[in-house]
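Each chain is listed here by its residues.
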Amino acid sequence: MPRFMGTRHIFKLDGEFIELYTLLKLLALAPSGGAAKAMIAAGRVSVDGVVETRKARKIRGNQVVRTGAHEVRVVAKGKAGDAAGG
């Protein structure tokens, strides 16, 4: 697998999960929830290397979301260690 050369983000979960479109909106990878849903529906987002088209997909700790030149590593609350906030 080729090495990822884009911008990396770390997102610390506050609860058990976050919906995919909400994650994109909170990290400003989409300008709005509607834009995030459109990106997902268009097949421009992957979760753990697989294109995801479910807008409300539950994203949990240890999953990786990619869109364009951005990669988001999601960490469970209390599992972030020394990782920078997201």
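Summary of the structure given here.

Let's shift gears to the side chain of serine 46. With respect to the secondary-structure elements, serine 46 resides in strand 3 (residues 45–47). With a relative accessible area of 15%, serine 46 lands in the buried category. Ignoring any residue separated from it by four or fewer positions in sequence, one finds serine 46 in contact with Val51, Glu52, Val64, Val65 and Arg66.

Summarising the sheet, strand 3 and strand 6 (residues 64–67) pair through 3 bridges and their orientation is antiparallel. Bridging from a neighbouring strand, valine 47 pairs with valine 65 of strand 6. Between strand 6 and the antiparallel strand that follows it, strand 7 (residues 70–75), lie 2 residues; glycine 68 among them carries a positive phi value of about 55 degrees.

Quick look at the environment of alanine 76 now. Here alanine 76 is to be found in the segment after strand 7. The exposure class of alanine 76 is partly exposed, given its relative accessible area of 26%. Residues alanine 76 and asparagine 62, spaced 14 residues apart in sequence, show a C-alpha to C-alpha distance of 7.2 Å. Among residues more than four places away in sequence, those in contact with alanine 76 are Leu13 and Gly61.

This brings us to helix 2 (residues 33–41). Among all positions in helix 2, only Gly33, Ala36, Met39 and Ile40 are buried. Viewed along the axis of helix 2, the buried residues span an arc of 120 degrees, placing them on a single side of the element. Turning to helix 2, the residues buried within the fold contact helix 1 (20–26), strand 3 and strand 6. Just downstream of helix 2 lies glycine 43, where phi reads positive at about 80 degrees.

Once that is clear, we can look at the sheet that holds strand 4 (residues 50–51). Reading across from one edge, 1-7-6-3-4 is the order of the 5 strands in this open sheet, with mixed pairing throughout. If you trace the sheet from one side to the other, it starts and ends with strand 1 (7–12) and strand 4, each paired once. Alignment of strand 1 against strand 7, held across 6 bridges, turns out to be parallel. When the sheet's bridge partners are listed, isoleucine 10 is paired in strand 7 with arginine 73.

The rules behind these values
Every chain is numbered independently, its residues counted from 1 as its sequence is written. Owing to the predicted nature of the model, reporting of local features is limited to residues with pLDDT of at least 70; listing and counting of side-chain atom pairs is limited to 80 or more, with chain, interface and lining totals taken over all residues. With hydrogens and water stripped out, all remaining heavy atoms of the structure feed into the side-chain values. The way it works is that DSSP assigns letters per residue, a run of H or I at least four long becomes a helix, a run of E at least two long becomes a strand, and they are numbered from the N terminus. Burial classification: accessible surface area is computed with a 1.4 Å probe over protein chains only, and a residue below 20% of its type maximum counts as buried, one above 50% as exposed, and the rest as partly exposed. Residue contacts are counted whenever heavy atoms from the two residues lie within 4.5 Å of one another. Following DSSP output, two strands are said to pair if at least two bridges run between them. This arc is taken over the directions from the axis of the helix to the C-beta atoms.

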